[in-house]
Amino acid sequence: MKPGPTLAALVAGLAIASSPLAAADDTPAYAGQNTDLMHLDNGVVVDGRDIETPDGYTSGFRLIAGFNPLRLPRLDLGAEFSYRESDEVPTRLGDQQMLLNTVSLGGSLVAGVRLGHLGLYAKSGLVGWEGEPVMPGQDIARSGTTRVQGLGARLQFDRLVSRLEFEEFDAPDMAHLNLVTASLHFPF
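Every residue gets a number counted from 1 within its own chain, in the order that chain's sequence is written. Reporting of local features is limited, given that this is a predicted model, to residues whose pLDDT is at least 70; pairs of side-chain atoms are given and counted only at 80 or more, and all residues count toward the totals for whole chains, interfaces and linings. Note that water and hydrogens are dropped before the side-chain values are worked out from all heavy atoms of the structure.

A. Focus on the side chain of S86. The numbering of helices and of strands both runs from the N terminus, where a helix is a DSSP run of H or I of at least 4 residues and a strand a run of E of at least 2. Position of S86 relative to the elements: it lies in strand β4 (residues 75-93). Among the polar contacts made by the side chain of S86, one reaches the side chain of T58 at a distance of 2.7 Å. Residue contacts follow a heavy-atom distance rule, with two residues in contact if any of their heavy atoms lie within 4.5 Å. Among all residues touching S86, those that are not within four sequence positions of it are Y57, T58, L100, N101, T102, H176 and L177. In protein, a polar contact requires one atom able to donate a hydrogen and another able to accept it; more generally it is a pair of N or O atoms within 3.5 Å, and residues adjacent in sequence count only if both atoms are side-chain atoms.

The structure is reproduced here in structure tokens:
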């Protein structure tokens, strides 16, 4: 006959379950609002968001697909695909100023950890971009590949969700895509 769980093991299990470090819910650390998530039957969680910079130069979207490893329920792993289009971005080529239209496609790996109501995440990847001058007669097409990296935090209390994210592109020509975003969501 197998011995049952001891009282000490039950008390330790209850203490862990009620600990503030226990996961608040199954929303990934990198996610926006829980209502925007699509949960697939195979355990993959998909999150999509529009991108719009405050200066009005850039718009696009990002799509993140991720999952939680079975043995590590507070860890979130994912992959992000992003598309950005920027119109008439002021830049310099040597000593010449110009306006540039750019398009970029990128992919990043995302990893996050949930600690109660707080979720922290980081991402790193590559972005390919292509730029074209706006002014006629400037036949200087610019393109390249650069590294992208970012950090973020998500804090949720009941229905109130706040997010803060920093994203940096490692190319001077793509500096207009460096973003610090903050959001506060309270659905009612």
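Once the structure has been displayed, the description carries forward.
B. Focus on a nonpolar patch on the surface. Taken together, the side chains of V113, L115, L118, L120, L155, F157, L160, L184, F186 and F188 define a hydrophobic patch exposed on the protein surface, amounting to about 940 Å² of accessible area. Contributing elements (two or more residues each) for the nonpolar patch: β5 (96-115), β6 (118-133) and β7 (142-157). Within the fold, V113 resides in strand β5. Each residue's exposure class comes from its accessible area (1.4 Å probe, protein chains only) as a fraction of the maximum for that residue type: buried when under 20%, exposed when over 50%, partly exposed otherwise. By relative accessible area, which is 32% here, V113 ends up partly exposed. Only residues whose relative accessible area exceeds 30% and that take part in no salt bridge are eligible for patches, with like-charged residues grouped when within 9 Å of each other and nonpolar side chains (Val, Leu, Ile, Met, Phe, Trp, Tyr) grouped when within 5 Å. The method behind every accessible area is Shrake-Rupley, applied with a 1.4 Å probe, and residues are considered shielded solely by the protein chains displayed. One side-chain nitrogen of Lys or Arg within 4 Å of one carboxyl oxygen of Asp or Glu is enough to make a salt bridge.

C. The environment of A65, seen in detail. Locating A65 in the fold gives a position in strand β3 (residues 58-67). You can call A65 partly exposed: its relative accessible area is 35%. Sequence spacing of A65 and V110 is 45 residues, and the spatial spacing of their C-alpha atoms is 9.4 Å. Once residues within four sequence positions are removed from consideration, A65 is found in contact with Y30, V44, V45, V46, L77, G78 and A79.

D. Representation of the pairing of strand β8 (residues 160-169) in the model. Burial along β8 is one-sided: V161, R163, E165, E167 and F169 are buried, while L160, S162, L164, F166 and E168, pointing the other way, are not. The pairing criterion is simple: DSSP has to find at least two bridges between the two strands. In the sheet, β8 pairs with strand β9 (residues 179-185) via 7 bridges, with the strands oriented antiparallel. Each residue of the ladder has a partner; that of F166, found in β9, is V180.

E. Molecular detail of the pairing of β5. Note that β5 and β6 share 16 bridges and pair antiparallel. The residue bridging V110 from the neighbouring strand is K123, located in β6. Where β5 hands over to β6, the hairpin turn is made up of 2 residues, of which G116 adopts a positive phi near 70 degrees.

F. Just the pattern of salt bridges, in detail. Summed over all chains, the structure comprises 11 salt bridges. D76 is paired through a salt bridge with R114; the nearest N and O atoms lie 3.1 Å apart. Here D76 is found in strand β4, whereas its partner R114 is found in strand β5, with 38 residues between them in sequence. For the pair shown, D76 and R114 are each scored as buried. Put simply, E165 and R163 hold a salt bridge, and the shortest N to O gap is 3.4 Å.

G. The nonpolar core, seen in detail. In this structure, V127, W129, V148, F169, A171, M174 and L177 together form the largest nonpolar core, which totals 7 residues. Once residues within four sequence positions are removed from consideration, V127 is found in contact with S104, L105, G106, G144, T145, T146, V148 and F169. Counting residues in each nonpolar core, the second largest holds 5 residues, with A29, Y30, V110 and Y121 among its members. For our purposes a nonpolar core is just a set of buried Ala, Val, Leu, Ile, Met, Phe, Trp, Tyr and Cys residues, chained together by side-chain atoms within 4.5 Å.

H. Structural detail: the packing of aromatic side chains. Classification of ring pairs uses Phe, Tyr and Trp, with its six-membered ring standing for Trp, and accepts pairs whose centres are within 6.5 Å; under 30 degrees between planes counts as stacked, over 60 as edge-to-face, and the remaining range as tilted. Scanning all chains against the criterion turns up 2 aromatic pairs. Plain terms: the ring middles of F61 and F81 are 6.1 Å apart, the flat faces sit at 50 degrees to each other, and that makes the pair tilted. In this pair, F61 is assigned in strand β3 and F81 in strand β4, connecting sequence segments 20 residues apart. Judged by relative accessible area, F61 falls into the partly exposed class, the value being 35%. A relative accessible area of 38% means that F81 is categorised as partly exposed. The rings of F61, F81 and Y83 are connected pair by pair, giving a single aromatic cluster.

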